[in-house]
Amino acid sequence: MGTDVPFDRRPIGAEQFDAWLELLAAVEAEDREDEHHGVDDLREYLADPYCDFARGSVAFYDGPTMIGYGYLKARTEADPVHEMYYLGGVHPAYRGRGVGAALLAWAEEAALPLHLERYPERPLTLYSSSLARNTPAGELYAALGYTAARWFHGMTRDLLAPLPDLPAPDGIEVRGFTAERSEDARLVRNEAFRDHWGSTEQTEEGWAHMTSGPAFRPGLSFVAYDVAEDAAGGGEALGILLGEEYEAHTGATGRRDLYVSLVGTRRAGRKRGIASALLVQAMTEAREAGFATASLGVDADSPTGALGLYGHVGFTVKDTWIAQLKPLWSPAAG
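Residues numbered from 1 in each chain as written. Predicted model: local features only at pLDDT ≥ 70, side-chain atom pairs only at ≥ 80, totals over all residues. Heavy atoms only, no water.

### What about the nonpolar core?
Here comes step 1: Core analysis: the largest hydrophobic core is formed by 30 residues, its most contacted members being Leu241, Leu258, Leu279, Met283, Tyr310 and Phe315.
Here comes step 2: Looking at which element gives the most residues to this core, the answer is helix H8 (residues 274-288), with 8 residues.
Here comes step 3: Residues in contact with Met283, not counting those within four places in the same chain, are Arg157, Leu159, Leu163, Leu258, Ala294, Val313 and Phe315.
Here comes step 4: Core analysis: the second largest hydrophobic core is formed by 27 residues, Ile67, Leu72, Leu103 and Trp329 among them. (Core = buried A, V, L, I, M, F, W, Y, C linked by side-chain atoms within 4.5 Å. Buried < 20%, exposed > 50% of the residue type's maximum accessible area, 1.4 Å probe, protein only. Helix = DSSP H or I, 4+ residues; strand = E, 2+ residues; numbered from the N terminus. Contact = heavy atoms within 4.5 Å.)

Below is the structure:
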């Protein structure tokens, strides 16, 4: 399977947004992932502190048409391995012509110098994903030495359907997300996801980027506090839910979707109904604000039983993605 494709290539920059959006729209029309993008979304990608678009991105062109893209994102930790993300796509009209293989070959070459600047003493693995029903993509990853390592579900819920009555448990107070509560939320996130596969700590810089993006909705985001034994009413933060809304999705579909980008509880708050209460409150308020659906992603083998939790409050699986991993380099090999 060759990787020497006869197309121009260049790093991705803001001047290419129109071409990039056209490519993403073509990919969505073919793959039906329910992923829609706007200029603000692309601008946020370029501003990610863990991406280097000058050296860690590429776009393939056939004349003025962008026919493939890829970019790399570093992780916040490399313990014990740095699993660097690769995100990319190929125009449907150009599939089967070696573009996907060429993009992955570029990614494997570009990843090493970016990795060595951050974690020179740690091994490097490239982490990508493929839609489970996209059989050719899975076959390409396998042919290039990637291993299917984990499965993740995209789930959805109709907000016009009845919501369960699941109030916050006694002693728990759910409060809206504010700047003053942001650090509490970040610390909850880090502890809640510490035992999740592939998860790394969220840094202050990365958290600020995430909670200041155009999709983030603080009015549909919450922090749950344990106030049962706190006479002053402050309490310990035990649970979080972050809500997002993508305007490009609304424009393309005509319906508003609440995307729950994060929901989790600290160990001390698990099995108490906190996450369920957060989800129901967020969905209730979203419905009252005119949202038609809610969606989220979940590790199919989550150790916290998240898949069962989401099913309990009415979410159903819509699609499944496969985490694809390939070891690229280790200090021992040089």
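Next comes the rest of the description.
### Focus: the sheet that holds strand E10 (residues 257-265)
Here comes step 1: Judged by pairing direction, the sheet is mixed, and its 12 strands sit side by side in the order E1-E2-E3-E4-E5-E12-E6-E11-E10-E9-E8-E7 without closing on themselves. Of all the strands in the sheet, the pair left with one neighbour each is strand E1 (8-10) and strand E7 (172-176). Averaged over all pairs of adjacent strands, the angle between their axes in this sheet comes to 25°, without regard to strand direction.
Here comes step 2: As judged from the 4 bridges shared by E10 and strand E11 (residues 293-299), these two strands associate in the parallel manner. Of the residues in E11, the one forming a bridge with Asp257 is Thr293.
Here comes step 3: The strands touched by H8 are strand E6 (147-158), E7, strand E8 (222-226), strand E9 (236-244), E10 and E11; relative to E10, the strand with the most contacts, the crossing angle is about 160°. (Pairing = 2+ DSSP bridges. Axes fitted to C-alpha atoms, helices over the stretch in contact; angles between N-to-C directions.)

### Focus: the pattern of salt bridges
Here comes step 1: Per the stated rule, a full pass over the model turns up 22 salt bridges.
Here comes step 2: Note that Glu183 and Arg186 form a salt bridge whose closest N and O atoms lie 2.7 Å from each other. With Glu183 and Arg186 both in helix H5 (residues 182-192), this residue pair falls 3 residues apart, about one helical turn.
Here comes step 3: Arg186 gets classed as buried once you look at its relative accessible area, which sits at 10%. (Salt bridge = Lys/Arg side-chain N within 4 Å of Asp/Glu carboxyl O.)

### Comments concerning H5
Here comes step 1: The set of residues buried in H5 consists of Ser182, Ala185, Arg186, Val188, Arg189, Asn190 and Ala192.
Here comes step 2: For H5, the elements touching its buried residues are helix H6 (204-210), E8, E9 and E10.

### So, the pairing of E6
Here comes step 1: Here E6 runs beside strand E12 (residues 316-329); their pairing, made up of 9 bridges, is antiparallel. Directly across from Phe152, in E12, lies its bridge partner Trp321.
Here comes step 2: Strand direction decides the pairing type here: E6 and E11, joined by 7 bridges, are antiparallel. What sits directly across from Thr156, in E11, is Ser295.

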